[in-house]
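# Fold and contact review
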Amino acid sequence: MKLPLIFDCDTGIDDALALMYGAHHGANFVACTVTHGNVPVEVGSRNTVTVLDFLGKQEVPVFSGAARPLAQPLRTAEAVHGEDGLGDAKITPSARALSGDQAAAVIVRLARENPGKLSLVAVGPLTNIAIALLLEPQLPALIKNVVIMGGAVGVPGNASAVAEANIWHDPEAAQVVIDAAWDVLFVGLEITLQTALTAQAVRQIEKSTDPRAQFAANIMDFYLESYEKSFGYRTCVLHDPLALALALEPQLAEYRLVQAKVELRGSISRGQIVSDQRMFLPTPTNPKAPGVIRIVQNVDIAGFHTRFLSALGVPEEQENAQAPTSP
Ligand code: RIB
Ligand code: CA
């Protein structure tokens, strides 16, 4: 059964890898909506069309959206994703025209046309989603569930000491999303950092002749170098693919509910998701209560890696496989 979803992204290398994952594993991309974030929105929109077209998904409409955050200047992340957002790999951009409407208006229209049927998967800053909530206060009742790549609960950030990039890029938007009365899962750094590829998996992707693996290897090269500074070997973290994987197969992980707020005022902590987990406080029980989010407790990383490699057409090799012995 294909999962019908709206995919809100800032494509971006790992956003592109998520599109590849979803195309192989049963995502029905009803629409892709694009936000500023890794790159300016025009660049991210073009990248989204380019990746979808490479995957043979020319039928998926792509809508451009917010060009800047709600309450701070635009900041982008070319140092991680390359000037063109796809690792400066000289991928030929698709010439397909974008669909005309504004992303937030499209999210509202599709939700109204399909009440209770669509999942919303957001892997960039949450500006489009926040605007959609402002346009249609009933949006939480119209959307089946929300899965977000974002946050760093109890671990260091990646955009600042304590803030994860997607929240840091638009903290006010994230607070609007947390305050909405819907079931929202935040797949944060506390769990996505576990998805770093092994050196062996990177080599398998790089040596594969499958066109999907070659495309991925091309765009990932820049990303691998960027992550080498943190991990000490050429790897990358699969933030956005994991979020989409959990939207498609929630049973790959276990979850818990927590109260959460976004730090909006701190001069060095703005954009941090602060989750109040003091022992004497009651554990939330209603996933749709405003201010309550779902976070990941633990995830089947081996199962996810197998699925990720299969999406690129790469058969998994056993780590430290024994050489065959002669009889
Ligand atoms: O922090 C990781 C997130 O920031 C990912 O969604 C990546 O694409 C960037 O947007
Ligand atoms: Ca992203």
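So, here is what we can say about the structure in this document. (Residues numbered from 1 in each chain as written. Chains lettered and ligands numbered in written order. Predicted model: local features only at pLDDT ≥ 70, side-chain atom pairs only at ≥ 80, totals over all residues. Heavy atoms only, no water.)

## Points about the packing of aromatic side chains
The test is simple: Two rings from Phe, Tyr or Trp (for Trp, the six-membered ring) form a pair when their centres are within 6.5 Å of each other. A pair whose planes differ by under 30 degrees is stacked, one over 60 is edge-to-face, and the rest are tilted. Think of it this way: any DSSP run of H or I at least four residues long counts as a helix, any run of E at least two long counts as a strand, and we number them from the N terminus. Burial classes follow relative accessibility: with a 1.4 Å probe on protein chains only, a residue under 20% of its type's maximum area counts as buried, one over 50% as exposed, and anything between as partly exposed.
The tally for this structure, following the rule as stated, stands at six aromatic pairs. Centroid distance Phe 7 to Phe 29: 5.6 Å. Interplanar angle 70°. Geometry classified as edge-to-face. Taken together, the positions of Phe 7 in strand 1 (residues 3-9) and Phe 29 in strand 2 (residues 27-34) put the pair 22 residues apart, joining distant regions of the chain. Residue classification places Phe 7 among the buried positions, given a relative accessible area of 0%. With 4.2 Å between their ring centres and 15° between their planes, Phe 54 and Phe 215 make a pair best called stacked. With a gap of 161 residues between them, Phe 54 in helix 2 (residues 41-54) and Phe 215 in helix 11 (residues 211-231) connect regions that are remote in the sequence.

## Digging into the sheet that holds strand 8 (residues 273-275)
Applicable threshold: Any two strands with at least two DSSP-identified bridges between them are counted as paired. To obtain an axis, a line is fitted to C-alpha atoms, over the contacting stretch when the element is a helix, and the angle between two such axes runs from 0 to 180 degrees between their N-to-C directions.
One open sheet accounts for nine strands, arranged 3-2-1-4-5-6-9-7-8; its pairing is mixed. Only two strands of the sheet have a single partner each, and these edge strands are strand 3 (62-64) and strand 8. The average angle at which neighbouring strand axes cross in this sheet is 30°, direction not considered. Inspection of the sheet shows strand 5 (residues 143-149) paired to strand 6 (residues 184-187) by four bridges, in the parallel sense. The residue of strand 6 that forms the bridge with Val 147 is Leu 185.

## With respect to the coordination of the calcium ion (ligand 2)
Here is the rule we go by: Nitrogen, oxygen and sulfur within 2.8 Å of a metal are treated as its donors, or within 3.2 Å for sodium, potassium and calcium (Na, K, Ca); water is not counted, so a site can appear incomplete.
The coordination sphere of the calcium ion (ligand 2) contains the protein donors Asp 10 (OD), Asp 15 (OD), Asp 15 (OD), Val 123 (O) and Asp 240 (OD), at a distance range of 2.2 to 2.7 Å. We note that the donor set of the calcium ion (ligand 2) lies within a single chain, spaced as D-x4-D-x107-V-x116-D. Of this pair, Asp 15 sits in helix 1 (residues 13-24) while Asp 240 is found in helix 12 (residues 239-248), placing the two residues 225 residues apart along the sequence. The pair Asp 15 / Asp 240 is uniform in exposure class, with both members buried.

## Remarks on the pattern of salt bridges
The condition that has to hold: Definition used for salt bridges: Asp or Glu carboxyl oxygen within 4 Å of a side-chain nitrogen of Lys or Arg.
Applying the stated criterion across every chain, the model contains ten salt bridges. Across the salt bridge formed by Glu 113 and Arg 109, the nearest N and O atoms sit 3.4 Å from each other. Note that Glu 113 and Arg 109 are positioned in helix 4 (residues 103-113) at a spacing of four residues, about one turn of the helix. Here Arg 109 falls in the partly exposed class, since its relative accessible area comes to 32%. A salt bridge links Asp 210 to Arg 212; the nearest nitrogen and oxygen atoms lie 2.9 Å apart. Residue class for Arg 212 comes out partly exposed when judged on its relative accessible area of 26%. Connected via shared salt-bridge partners are Glu 206, Asp 221 and Arg 234.

## A word on the site of ligand 1
Worth spelling out the cut-off: We define proximity as follows: a residue is near a molecule or strand when any one of its heavy atoms falls within 4 Å of that partner. The definition of a polar contact used here is a pair of N or O atoms within 3.5 Å, where within protein one atom must be able to donate a hydrogen and the other to accept one, and adjacent residues in sequence count solely through side-chain atom pairs. Areas reported as accessible are Shrake-Rupley estimates using a 1.4 Å probe. Residue values count occlusion only from the protein chains shown.
Around ligand 1, the structure places 13 residues, and the nearest of them are Asp 14, Val 123, Glu 164, Asn 166 and Asp 240. Val 123 places a polar main-chain atom, nitrogen or oxygen, 2.9 Å from an oxygen atom of ligand 1. Within the side chain of Asp 240, an N or O atom sits 2.6 Å from an oxygen atom of ligand 1. Considering ligand 1 on its own, with 280 Å² of exposed area, one finds that the protein chains cover 96% of that surface.

## Overview of the environment of Phe 308
Following the sequence through the fold, Phe 308 ends up in helix 13 (residues 301-311). You can call Phe 308 buried: its relative accessible area is 0%. In the structure, Phe 308 is positioned 63 residues away from Ala 245 in sequence and 8.8 Å away in space, judged by C-alpha atoms.

## Details of helix 5 (residues 127-135)
The condition that has to hold: When checking whether two residues touch, look at their non-hydrogen atoms; a contact exists if any pair is within 4.5 Å.
When we look at burial in helix 5, the residues that qualify are Thr 127, Asn 128, Ile 129, Ala 130, Ala 132 and Leu 133. Tucked into the core, helix 5 has its buried residues touching strand 1, strand 2, helix 4, strand 4 (118-122), helix 6 (139-142) and helix 8 (171-179).

## Quick word on the packing of helix 1 against helix 2
Heads up, the rule is: Any angle between 65 and 115 degrees counts as roughly perpendicular, while under 35 counts as roughly parallel, over 145 as roughly antiparallel, and the rest as oblique. Left-handed describes a crossing in which the near helix is turned anticlockwise from the far one by less than a right angle; the clockwise case is right-handed. Residue classes follow a fixed rule: Ala, Val, Leu, Ile, Met, Phe, Trp, Tyr, Cys and Pro count as nonpolar, while Asp, Glu, Lys and Arg count as charged, and any other residue, Gly among them, counts as polar.
Close contact between helix 1 and helix 2 brings their axes to 10 Å; oriented N to C, the two are set at 30°. Between helix 1 and helix 2, the angle is such that the two are roughly parallel. When the axes of helix 1 and helix 2 are compared, the crossing they make is right-handed. Facing Ala 16, Leu 19 and Met 20 of helix 1, the residues of helix 2 in contact are Thr 48, Val 51, Leu 52 and Phe 54. Here the residues of the contact of helix 1 with helix 2 are counted per class, giving six nonpolar, one polar and no charged.

## Digging into unusual backbone geometry
For the bond from Thr 11 to Gly 12, the omega torsion is -10°, close enough to zero to count as cis. Residue placement: Gly 12 occurs in the loop between strand 1 and helix 1. Not every positive phi belongs to a glycine, and Asp 88 is a case in point at roughly 50°. Among the secondary structure elements, Asp 88 is positioned in the loop between helix 3 (78-81) and helix 4. One non-glycine residue, Lys 90, lies in the positive phi region at around 60°. Summarising the element assignment, Lys 90 is placed in the loop between helix 3 and helix 4.

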